[in-house]
Amino acid sequence: MTTVFDCSLLTLPRIASETGALTPVYGGEHVAFDIERVYYLYDVPGGESRGGHAHLALQQLIVAASGSFEVIVDDGRTRRSIFLNRPYHGLYVPRMIWRELVNFSSGGICLVLASMPYTEDDYIRDYADFQEAKRTPA
Ligand code: TYD
């Protein structure tokens, strides 16, 4: 069963020049999974949090494409907080990790590279259910 210590902060390629910087990301190379979906969170009002759920199978790479925010990861026993503020850093989050995204800076953009298409069936949205699933892994 995954723990918060399976969440890792990856350094992505950064191609910088006088005219700016660019970060390419390939599934299976910079992240261990195939990238099936990309989505991004933006216009998050000050003080609001996102996430608040775990995924049965989904793996993700979470990037602060602009600004900053904090990702709190939780495996039912241990919580860790990871601050993201560089577009060339990505937080790998494996399956069955509860996550919350908090403290978005003004203009903060959270880019997510995901291993699967969206399906509500993959979500655990109740923390007690998550804890129970961690106690009794399938
Ligand atoms: P949710 O994953 O709960 O957002 P967050 O983790 O950022 O707080 O999704 C919010 C809503 O958006 C929910 O109704 C499902 C929908 N949604 C999609 O339709 N497609 C997607 O790829 C995602 C991530 C969410």
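Here, the structure is the one placed above.
Along every chain, residues carry numbers that run from 1 in the direction the sequence is written. This being a predicted model, a pLDDT of at least 70 is required before a residue's local features are given, and a value of 80 or more before pairs of side-chain atoms are given or counted; all residues contribute to the totals for chains, interfaces and linings. Side-chain numbers here rest on the full set of heavy atoms in the structure, without hydrogens or water.

Asker: Which parts of the structure should I look at to understand the environment of Asn103?
Answerer: For the purposes of this entry, the term helix denotes a DSSP run of H or I that reaches at least four residues, the term strand denotes a run of E that reaches at least two, and both are numbered from the N terminus. Tracing the chain through its elements places Asn103 in the loop between β10 (98-102) and β11 (109-114). Residue class for Asn103 comes out exposed when judged on its relative accessible area of 53%. Along the primary structure Asn103 and Ser81 are separated by 22 residues, whereas in three dimensions their C-alpha atoms are 11 Å apart. Excluding anything up to four places from it in sequence, Asn103 contacts Glu48, Ser68, Phe69 and Glu70. Residue exposure (1.4 Å probe, protein chains only): buried if accessible area is under 20% of the type maximum, exposed if over 50%, otherwise partly exposed. We call two residues in contact whenever any of their non-hydrogen atoms come within 4.5 Å of each other.

Asker: Is there a simple way to explain the sheet that holds strand β9 (residues 89-93) in this structure?
Answerer: Within a beta sheet, neighbouring strands are joined by backbone hydrogen bonds and run either parallel or antiparallel to one another. Between any two strands, at least two bridges found by DSSP are needed for them to pair. Strand order in the open sheet made by the 5 strands is β1-β9-β6-β11-β4, with antiparallel pairing throughout. On the outer flanks of this sheet lie β1 (8-11) and β4 (37-41), each paired with one strand and no other. Shown here is a sheet whose adjacent strand axes are inclined to one another by a mean of 25°, direction ignored. Where strand β6 (residues 60-66) and β9 come together, 4 bridges link them in antiparallel fashion. Bridge pairing in β9 links Gln60 to Val93. Axis lines are fitted to C-alpha atoms, over the contacting stretch for helices. Their N-to-C directions set the angle, which ranges from 0 to 180 degrees.

Asker: I tried to follow the layout of surface pockets on my own but got confused; where do I start?
Answerer: Where empty space is left becomes clear once a probe the size of a water molecule has been rolled over the atoms. In this structure, the largest pocket spans a volume of roughly 220 Å³. Together, 13 residues line the largest pocket, and Tyr39, Leu41, Arg50, Gly51 and His53 are the ones closest to its centre. Of all the secondary structure elements, the ones that give two or more residues to the lining of the largest pocket are β4, β5 (50-55), β6, β10 and β11. Sort the elements by how many residues they give to the lining of the largest pocket and β5 lands first, with 3 residues. What lines the second largest pocket is simply Met1, Thr2, Thr3, Asp75, Gly76, Arg77, Gln131, Lys134 and Arg135. Amino acids outside the nonpolar list (Ala, Val, Leu, Ile, Met, Phe, Trp, Tyr, Cys, Pro) and the charged list (Asp, Glu, Lys, Arg) are all regarded as polar, and Gly is one of them. Taken together, the residues of the lining of the second largest pocket break down into 1 nonpolar, 4 polar and 4 charged. Cavities and pockets are found on a 1 Å grid laid over the protein atoms alone: a cavity is a set of points where a 1.4 Å probe fits but cannot escape, a pocket is an open set with protein on both sides within 12 Å along at least five of seven lines, and a lining residue has an atom within 4 Å of such a point. Grid points are joined across faces, edges and corners, and a volume is the space filled by probe spheres set on the points.

Asker: Whenever I open this one, the pattern of salt bridges confuses me. Can you help?
Answerer: Pairing between side chains becomes possible if they bear opposite charge and their charged atoms approach one another. Any carboxyl oxygen of Asp or Glu within 4 Å of a side-chain nitrogen of Lys or Arg constitutes a salt bridge here. This structure, assessed with the given rule, holds 4 salt bridges. Note that Asp74 and Arg79 form a salt bridge whose closest N and O atoms lie 2.7 Å from each other. Ionic pairing is found between Glu132 and Arg135, a salt bridge with its closest N-O pair at 3.1 Å. A residue pair is termed a helical-turn pair when its members lie 3 or 4 positions apart in one helix, as Glu132 and Arg135 do in helix α1 (residues 127-135) at 3 residues. Look at the salt bridges and you will find they share partners, linking Asp74, Arg79 and Glu100 into a network.

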